[in-house]
Amino acid sequence: DGGITQSPKYLFRKEGQNVTLSCEQNLNHDAMYWYRQDPGQGLRLIYYSQIVNDFQKGDIAEGYSVSREKKESFPLTVTSAQKNPTAFYLCASSLTGWAEAFFGQGTRLTVV
Amino acid sequence: GQQVMQIPQYQHVQEGEDFTTYCNSSTTLSNIQWYKQRPGGHPVFLIQLVKSGEVKKQKRLTFQFGEAKKNSSLHITATQTTDVGTYFCAGLLAGGTSYGKLTFGQGTILTVHP
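Each value, and the rule that gives it
The written sequence of each chain sets the order in which its residues are numbered from 1. Whichever chain is written first is A, and whichever ligand is written first is 1; the rest continue in order. Reporting in this predicted model follows two pLDDT cut-offs: at least 70 for local features of residues, and 80 or more for side-chain atom pairs to be given and counted; totals over whole chains, interfaces and linings ignore these cut-offs and use all residues. As a convention, hydrogens and water are excluded, and side-chain values are obtained from all of the structure's heavy atoms. Put simply, DSSP marks the helices as runs of H or I at least four residues long and the strands as runs of E at least two long, and each gets a number from the N terminus on. Our radius of gyration is a C-alpha quantity, and the globule rule it is checked against amounts to 2.2 Å times the number of residues to the power 0.38. Any residue under 20% of the maximum accessible area for its type is buried, any over 50% is exposed, and the rest in between are partly exposed; the area is computed with a 1.4 Å probe on protein chains only. Throughout, a residue-residue contact means that at least one pair of heavy atoms, one from each residue, lies within 4.5 Å. Shrake-Rupley sampling with a 1.4 Å probe provides the accessible areas, and residues are treated as covered by the protein chains on show and by no other component. His is not counted, nor are the chain ends, whereas Lys and Arg count as positive and Asp and Glu as negative. Where a charge sits is defined by one atom per residue type, namely NZ (Lys), CZ (Arg), CG (Asp) or CD (Glu). Summed over both partners, the accessible area (1.4 Å probe) lost when two parts come together is defined as the buried area. We count a salt bridge whenever a side-chain nitrogen from Lys or Arg sits within 4 Å of a carboxyl oxygen from Asp or Glu. N or O atoms closer than or at 3.5 Å make up a polar contact, with two conditions inside protein: a donor-capable atom paired with an acceptor-capable one, and, for residues adjacent in sequence, both atoms drawn from side chains. Throughout this entry, Asp, Glu, Lys and Arg are counted as charged residues, while Ala, Val, Leu, Ile, Met, Phe, Trp, Tyr, Cys and Pro are counted as nonpolar. The remaining residues, Gly among them, count as polar.

K.L.:
Would you take a moment to explain the overall build of chain B for this structure?
P.N.:
Helix and strand counts for chain B come out as zero helices and eleven strands. Listing each helix as α and each strand as β along chain B from the N terminus yields β-β-β-β-β-β-β-β-β-β-β. Over its C-alpha trace chain B gives a radius of gyration of 14 Å, about what one expects of a compact globule, namely 13 Å for 114 residues. Considered along the principal axes of its C-alpha atoms, chain B spans approximately 45 × 30 × 20 Å. Sorting the 114 residues of chain B into buried and exposed places 51% on the buried side. Of all intrachain contacts in chain B linking residues separated by at least 6 positions in sequence, the fraction that spans at least 24 positions is 56%. Per element, the accessible surface of chain B, about 5200 Å² overall, is 53% carbon and sulfur. For chain B, the distance from the average position of its 10 positive side-chain charges to the average position of its 6 negative side-chain charges is 11 Å.

Right under this line is the structure:
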């Protein structure tokens, strides 16, 4: 099945620990995105990538890091520098930077 | 930076009533996309508008893109309970260094009372 997969669905971490969220797509899409969703704030862009080995900061990149070493993978690391990491994280991909985005099922991260 | 504002934040309607959500960008957009997110789910693409003044219809849904390519609207005629969810607009900037930066509005949460 073609699609975009995020894992795990739920993730719990202790404060002060870095955690990496996985995002894999087999749609052969060039562009990939990470969004954070909090109640009442919609989707806020963390990082985006248009091609392999290149990515740009979105609107709320502080405390996060990404890599794009392979076309199909765009992992997001939530570092201990992120002050409010508890949120719902959504990964998306699109064929090009102009095309419709396909979303994964999301990862709900809880930091305690 | 680019901002995409969406109103209203919440809309409660009786089944059969119409619903409209509005999207405004601080900068000119190359295109605008609309998504729907059901409760507990992830956003799903509805449509993309590219041309100035463009109007597209999908059954009871009508999408418009403003002449200046800075605003857009989604109108649902005669809402049904299956329309429940959050509707997002998402804009792509026209050129510049932010190519491919897909920015979402805050979304409008639609509740439909049977």
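K.L.:
I'm lost on the interface of chain A and chain B in this one. Help?
P.N.:
Where interface size is quoted, it is often the accessible area lost as the parts come together. Facing the 21 residues of chain A at the interface are 23 residues of chain B. Summed over the three residues of chain A that lose the most area to chain B, namely Leu43, Trp98 and Phe103 of chain A, the buried surface amounts to 31% of that side. For the pair chain A and chain B, the number of links is one salt bridge. Between the two partners, chain A and chain B, sit seven residue pairs in polar contact (both at pLDDT 80 or more). Those elements that provide at least two residues to the side of chain A that touches chain B are β4 (31-37), β5 (43-51), β9 (87-94) and β10 (101-103) of chain A. Ranked by residues supplied to the side of chain A that touches chain B, first place goes to β5 of chain A with four residues. Taken together, the residues of the side of chain A that touches chain B break down into eleven nonpolar, eight polar and two charged.

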